Amino acid sequence: MKLDLAKTDKHYYHAPTEPTLRTFGSYGYVTVTGSGAPEGPEYTTAVETLYRTAYGAKKIAKAAGHDFVVPKLEGLWWVESDEPPLTVPREEWHWKLMIRMPEIVTAASVHGATFERLTEGDAVQALHVGPYATEPETLARMDAFMTAGGLAMNGRHHEIYLSDPRRVPAAQAKTILRHPVRRVTEK
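In this text the structure is predicted, and so the values were computed from the model without any measurement.

### With respect to the pairing of strand β6 (residues 157-161)
- Burial of β6 is extensive: five of the five residues sit out of reach of the surface.
- Residues of β6 alternate between two faces, with His157, Glu159 and Tyr161 on one and His158 and Ile160 on the opposite face, all of them buried.
- In terms of strand pairing, strand β2 (residues 73-78) meets β6 through four bridges, oriented antiparallel. Residue pairing for β6: Leu76 is matched across the bridge by His158.
- Direction of pairing for β6 relative to strand β7 (residues 174-183): antiparallel, over a ladder of four bridges. Counted as the bridge partner of Glu159 is Leu177 from β7.

### Observations regarding the pattern of salt bridges
- Under the definition given, this model contains nine salt bridges.
- Arg90 is paired through a salt bridge with Glu39; the nearest N and O atoms lie 2.7 Å apart. Here Arg90, found in the loop between β2 and β3 (94-101), pairs with Glu39, found in the loop between β1 (20-35) and α3 (41-63); they are 51 residues apart in sequence, far enough to count as distant.
- You can call Arg90 partly exposed: its relative accessible area is 37%.
- For Glu39, a relative accessible area of 53% gives the class exposed.
- Two residues, Glu116 and Lys96, come together in a salt bridge whose shortest N-O distance is 3.1 Å. In this pair, Glu116 sits in strand β4 (residues 114-129) while Lys96 sits in strand β3, placing the two residues 20 residues apart along the sequence. Residue Glu116 shares its accessibility class with Lys96, and that shared class is buried.
- Salt bridges sharing partners connect three or more residues here, namely Asp164, Arg166 and Arg167.

What counts, and where the lines are drawn
Residues numbered from 1 in each chain as written. Predicted model: local features only at pLDDT ≥ 70, side-chain atom pairs only at ≥ 80, totals over all residues. Heavy atoms only, no water. Buried < 20%, exposed > 50% of the residue type's maximum accessible area, 1.4 Å probe, protein only. Helix = DSSP H or I, 4+ residues; strand = E, 2+ residues; numbered from the N terminus. Pairing = 2+ DSSP bridges. Salt bridge = Lys/Arg side-chain N within 4 Å of Asp/Glu carboxyl O.

In structure tokens form, the structure reads like this:
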């Protein structure tokens, strides 16, 4: 029987459309880091490398009797500027593309990309339904939720792509948007 993290870990892979606060532990991922527009050649090459690596790790795990479904593509996004991120040209965006791996996968079974463990802790997240271009609407609701709750960003913007953009119309695409947060300390 194949392990499918998207089905067995609903805490991680499911979110309501309204922002909520959740806590996430430490997870292992295969990752590729780069920069540039998501429609650019470096990004495309990184996605291909990441999937090739994930399927290689799956093959090794399957041979050891631990088959799994390769999980969803994810990305951490940031800019090296004090400007609001969405005002920075897309060519200047930085990203770390990731695919979460089940616990059976270790650094020794990953070839072609980096294996790392990441811990986000507390995070505000919401399900965004629609094209990537309308994400600012969901992000604004998340920001309002954070402000009302006395929370501030404490890490990089995280996206989990539940829909394959090659197969799902943009208007129906589903993406979990997640922001690691910390309590704002009063002065």
